[in-house]
Amino acid sequence: MSRRIHTLTVPSSTRYLEEVRDFVARHASDAAFEPDAVEQLKMAVDECCTNVIEHAYRGESERPIDIAVIVESDRLAVRIRDEGQAFDPSSYREPDLVQFARTRKSGGFGVHIMRRLMDEVRFRTYGRKNECYMVKYREGGRA
Amino acid sequence: MSNFSVGFRTTGNVQILDLRGELDAHTAAELEAAIQKCQREQEFRVLVNGSNLAYISSAGLGVFMAFIEEFRDRGGDIKIAALQPKVYNVFDLLGFPMLFDIEASEHEAIRKFDTVAR
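Summarised in this report is the structure supplied together with it. (Residues numbered from 1 in each chain as written. Chains lettered and ligands numbered in written order. Predicted model: local features only at pLDDT ≥ 70, side-chain atom pairs only at ≥ 80, totals over all residues. Heavy atoms only, no water.)

Below, the discussion takes up helix α2 (residues 58-73) of chain B. Residue and element names in this part refer to chain B. Its 16 residues place the ends of α2 23 Å apart at the C-alpha level, agreeing with the 22 Å of an ideal helix rising 1.5 Å per residue. Its maximal kink placed at F67, α2 deviates by approximately 35°. Across the 16 residues that make up α2, a large majority, 12, are buried. Downstream of α2 by one or two residues, G75 has phi in the positive range, about 85°. (Helix = DSSP H or I, 4+ residues; strand = E, 2+ residues; numbered from the N terminus. Expected span 1.5 Å × (residues − 1). Bend = angle between axes of the 7 residues up to and from the residue. Buried < 20%, exposed > 50% of the residue type's maximum accessible area, 1.4 Å probe, protein only.)

Structure follows, in structure tokens:
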């Protein structure tokens, strides 16, 4: 199978999250990913875009979020780019679910969820752009 | 446009919230308003029926987490029932059954409330 790239750009508002999920789900389904894997991809991408909106762009609703779904024979990758505040993964501490519930905090689970649902999650910043690159391998497709 | 809605029903002394559609960072405020309504009306026994809930993100889960301890402290709970398998599977993978009482059916969740009440 050749490499196929599908792109979508949306403004940085939560009102577009459903469109982003539908976009990712459509291409993952077309690439014959299992329904459970499609759900996991949708959620990982939703969490990433929500973090971009709330943290990178701090609620500014008209900045661009560029999403690319890259389908290869053994994997599906999603690349999400923004031009907001960079995320420093080294400063991130994995949340403890029970502790979070007890302290009555909500949110803060996005990166944890992305890492649990995807096989690889990488962050990088180059110039003014931040990029999150996530990979999900096909079942049995990982070497 | 949001395709999410919350319906209210009561069975005995359990307040039932029927969730429909997709619950994410855009629509979570609607769920928050619904749970705040229960809080204002001192209805701390809340059952969330997820049979028509097609999707939930951490923003939606965060709403439950923000309220669940208070509701339990007040002798109630926020129980979740009848989730679609695709939604439950993600819940399960992320370890949320450890935090929430998730039942297969509304009937089972009501029975659990009744058991505690006795």
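After that view, the rundown keeps rolling.
Turning to helix α3 (residues 85-93) of chain B, its buried residues are V87, V90 and F91 of chain B. Burial along α3 of chain B is one-sided: seen end-on, the buried residues are contained in an arc of 105°. Close packing links the buried residues of α3 of chain B with α2 (35-56) and α4 (110-117) of chain A together with β3 (45-56), α2, β4 (77-81) and β5 (102-103) of chain B. Positive phi appears at G95 of chain B, one or two residues downstream of α3 of chain B, with a value of about 85°. (Arc of directions from axis to C-beta. Contact = heavy atoms within 4.5 Å.)

Residues and elements named next belong to chain A. If you trace the five strands from one edge of the open sheet to the other, you get β1-β2-β3-β5-β4, paired in antiparallel fashion. Since the sheet does not close on itself, it has two edges, and those belong to β1 (4-11) and β4 (120-126), each with one partner. Neighbour to neighbour, the strand axes of the sheet diverge by 15° on average, direction disregarded. Sheet topology places β1 next to strand β2 (residues 64-71); eight bridges connect them, and they run antiparallel. Note that in β2 the partner of V10 across the bridge is I65. Strands in contact with helix α1 (residues 17-30) are β1, β2 and β3 (75-82); relative to β1, the strand with the most contacts, it is inclined by about 175°. The sheet contacts of α2 involve β2, β3 and β5 (129-137), and relative to β3 the element is tilted by about 10°. (Pairing = 2+ DSSP bridges. Axes fitted to C-alpha atoms, helices over the stretch in contact; angles between N-to-C directions.)

All names here are of chain A. Note that β2 and β3 share six bridges and pair antiparallel. Across the sheet, the residue bridging to V69 is V78, located in β3. Here β2 folds back onto β3, and the loop between the two strands holds three residues. As paired elements, β3 and β5 share eight bridges and run antiparallel to each other. Pairing of A77 across the sheet is with V135, part of β5.

To continue, consider the interface of chain B and chain A. In this assembly, 27 residues from chain B lie in contact with 28 residues from chain A. For the pairing of chain B and chain A, the buried interface totals around 2,500 Å² over both sides, and the portion due to carbon and sulfur atoms is 59%. Of all residues in chain B, Y55, M65 and L94 of chain B bury the most surface against chain A, accounting for 24% of the area lost on that side. Where chain B packs against chain A, one counts three salt bridges. Its salt-bridge partner being R21 of chain A, residue D24 of chain B comes within 2.8 Å of it at the nearest N-O pair. Counting across the chain B and chain A interface gives nine residue pairs in polar contact (both at pLDDT 80 or more). Those elements that provide at least two residues to the side of chain B that touches chain A are β3, α2 and α3 of chain B. When residues of the side of chain B that touches chain A are assigned to their parent elements, the largest contribution, eight residues, is made by α2 of chain B. Grouping the constituent residues of the side of chain B that touches chain A by class yields 14 nonpolar, seven polar and six charged. (Buried area = accessible area lost by both parts, 1.4 Å probe. Salt bridge = Lys/Arg side-chain N within 4 Å of Asp/Glu carboxyl O. Polar contact = N/O pair within 3.5 Å; in protein donor to acceptor, adjacent residues only side chain to side chain. Nonpolar A, V, L, I, M, F, W, Y, C, P; charged D, E, K, R; others polar.)

Glancing now at the packing of aromatic side chains. All names here are of chain B. A complete count under the given rule lists seven aromatic pairs over all chains for this structure. Taking 5.1 Å as the distance between ring centres and 85° as the angle between the ring planes, the aromatic pair formed by F44 and F71 counts as edge-to-face. Taken as a pair, F44 in the loop between α1 (28-40) and β3 and F71 in helix α2 lie far apart in primary sequence, 27 residues in all. Each member of the pair, F44 as well as F71, carries the same accessibility label: buried. Positioned above the aromatic ring of F113, the side-chain terminus of K79 is 4.9 Å from the ring centre. (Phe/Tyr/Trp six-rings, centres within 6.5 Å; stacked < 30°, edge-to-face > 60°. Lys NZ or Arg CZ within 6 Å of the ring centre and 35° of its normal.)

A full pass over the atoms with the stated rule returns one cavity of 30 Å³ or more. For the largest cavity, the calculated volume is near 50 Å³. Every residue lining the largest cavity is listed: E39 and M43 of chain A together with Y55, I56, K86, V87 and V90 of chain B. Among the elements of the structure, α2 of chain A together with β3 and α3 of chain B are those that each provide at least two residues to the lining of the largest cavity. Ranked by residue count, the leading element in the lining of the largest cavity is α3 of chain B, at three residues. When grouped by side-chain class, the residues that make up the lining of the largest cavity number five nonpolar, no polar and two charged. (1 Å grid on protein atoms, 1.4 Å probe; cavity = no way out; pocket = protein on both sides within 12 Å on 5 of 7 lines; lining within 4 Å. Points joined across faces, edges and corners; volume = space filled by probe spheres on them.)

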